[in-house]
Amino acid sequence: MVIIIKNSLEVAMALKIDIYTKDLELTSPIRDYVNKKVGRLERFLNEIDECRVDLAHAKSARNLADRNIAQVTIRGKGFILRAEERAETIQSAIDATVD
């Protein structure tokens, strides 16, 4: 987490999101999409220390709708939150995980 001090009165937090991929190329649009969607979680959880997003493409999944996997892990003071979802597109999996 990066702290930015403005006018020595306001403190704005910028959430650092680590993105890891497996069998999937991380393109700029996907990176921007993850930062936009996962960055919104900071509104609800003020004390986030670490945010990790794992994106994967499972070629061996039987169902086509279960091939793209998004997992979000959030660590903070006294809590760890983890969510994982599978969907037909990686954007849908990210949306379902964040929701």
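1. A short note on unusual backbone geometry
Then, in step 1: Even without glycine at this site, Asp23 takes up a positive phi of about 55°.
Then, in step 2: Relative to the helices and strands, Asp23 resides in the loop between strand 3 (17–22) and helix 1 (28–39).

2. Describing the confidence of the model for the chain
Then, in step 1: Mean pLDDT over the chain stands at 83; residues scoring 70 or higher make up 85%.
Then, in step 2: Contacts for the low-pLDDT stretch residues 1–12, under 50 throughout, to residues beyond four places or in other chains number 18 contacts.

3. Section: the packing of aromatic side chains
Then, in step 1: Scanning all chains against the criterion turns up zero aromatic pairs.
Then, in step 2: We note Arg52 situated over the ring of Tyr20; from NZ or CZ to the ring centre the distance is 4.0 Å.

4. Considerations on the packing of helix 1 against helix 2 (residues 90–98)
Then, in step 1: The contact between helix 1 and helix 2 brings their axes to 10 Å, and the two run at 15°. Judged by the angle between their axes, helix 1 and helix 2 are roughly parallel. Considering the relative orientation of helix 1 and helix 2, their crossing is right-handed. Facing helix 1, whose interface residues are Ile30, Tyr33, Val34, Lys37 and Val38, helix 2 presents Ile90, Gln91, Ile94, Asp95 and Val98.
Then, in step 2: Residues of the contact of helix 1 with helix 2, tallied by class, amount to seven nonpolar, one polar and two charged.

About the cut-offs
Starting afresh in each chain, residues are numbered from 1 along the sequence in its written order. Under the rules for a predicted model, residues below a pLDDT of 70 receive no local features and side-chain atom pairs below 80 are neither given nor counted, while totals for whole chains, interfaces and linings still include all residues. Excluded from the side-chain calculation are hydrogens and water; included are all heavy atoms of the structure. Numbering of helices and strands starts at the N terminus; helices are DSSP runs of H or I of at least 4 residues and strands are runs of E of at least 2. You can read pLDDT as the predictor saying how much it trusts each residue, on a scale of 0 to 100. What makes two residues a contact is simply this: any of their non-hydrogen atoms within 4.5 Å. Two rings belonging to Phe, Tyr or Trp (six-membered ring only in the last case) form a pair when the distance between their centres is within 6.5 Å. Interplanar angles under 30 degrees mark stacking, angles over 60 mark edge-to-face geometry, and anything in between is tilted. Placement of a charge over a ring requires the Lys NZ or Arg CZ to be within 6 Å of the ring centre, with the centre-to-atom vector within 35 degrees of the ring normal. Only the contacting stretch of a helix is used when fitting its axis, a line to C-alpha atoms as for every element, and angles between N-to-C directions run 0 to 180 degrees. If an angle is under 35 degrees, it is roughly parallel; if it is over 145, roughly antiparallel; if it lies from 65 to 115, roughly perpendicular; otherwise it is oblique. By convention the crossing between two helices is left-handed if the near helix lies anticlockwise of the far one by an angle smaller than a right angle, and right-handed if it lies clockwise. For this classification, Asp, Glu, Lys and Arg are treated as charged, while Ala, Val, Leu, Ile, Met, Phe, Trp, Tyr, Cys and Pro are nonpolar and the rest, including Gly, are polar.

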